[in-house]
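# Inside the fold
So the chains spell out like this:
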Amino acid sequence: MPARTHSRPHPATTGGIGTRLPWWALALPVLAFVALLALILNPSDAQAAGGDQALARLLERVQQLVAR
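All figures in this text were calculated on a predicted structure; none of them were measured in a lab.

### Looking at the overall build of the protein chain
Within the protein chain, the secondary structure is distributed over 2 helices and 0 strands. The buried share of the protein chain, reckoned over its 68 residues, is 0%. On the protein chain, roughly 7300 Å² of surface is accessible, and the fraction owed to carbon and sulfur atoms is 65%.

Structure follows, in structure tokens:
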């Protein structure tokens, strides 16, 4: 005796639940792109940070240790 196959009562959905992104997931990459584009178009506005010399020496030392 052949077994009966059961059909689905409702067609399968293709998603929709949980696929929405928050607003900042699109806004942050757009903001970063615009900022980088502004720096490329006018590089004179980009200024080096005056940071602490101790931090610069520390980073240089880390770079030397990694290079070994």
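### Side note on a nonpolar patch on the surface
On the surface, Leu26, Val30, Phe33, Val34, Leu37, Ile40 and Leu41 cluster together into a nonpolar patch covering about 750 Å² of accessible area. By the element assignment, leucine 41 lies in helix H1 (residues 23-41).

Quick notes on the rules
Residues numbered from 1 in each chain as written. Predicted model: local features only at pLDDT ≥ 70, side-chain atom pairs only at ≥ 80, totals over all residues. Heavy atoms only, no water. Helix = DSSP H or I, 4+ residues; strand = E, 2+ residues; numbered from the N terminus. Buried < 20%, exposed > 50% of the residue type's maximum accessible area, 1.4 Å probe, protein only. Areas by Shrake-Rupley, 256 points an atom, 1.4 Å probe, with all protein chains shown as cover. Patch = residues over 30% accessible without salt bridge, like charges linked within 9 Å, V, L, I, M, F, W, Y side chains within 5 Å. Salt bridge = Lys/Arg side-chain N within 4 Å of Asp/Glu carboxyl O.

None of the figures reported here should be taken as evidence of function without further support.
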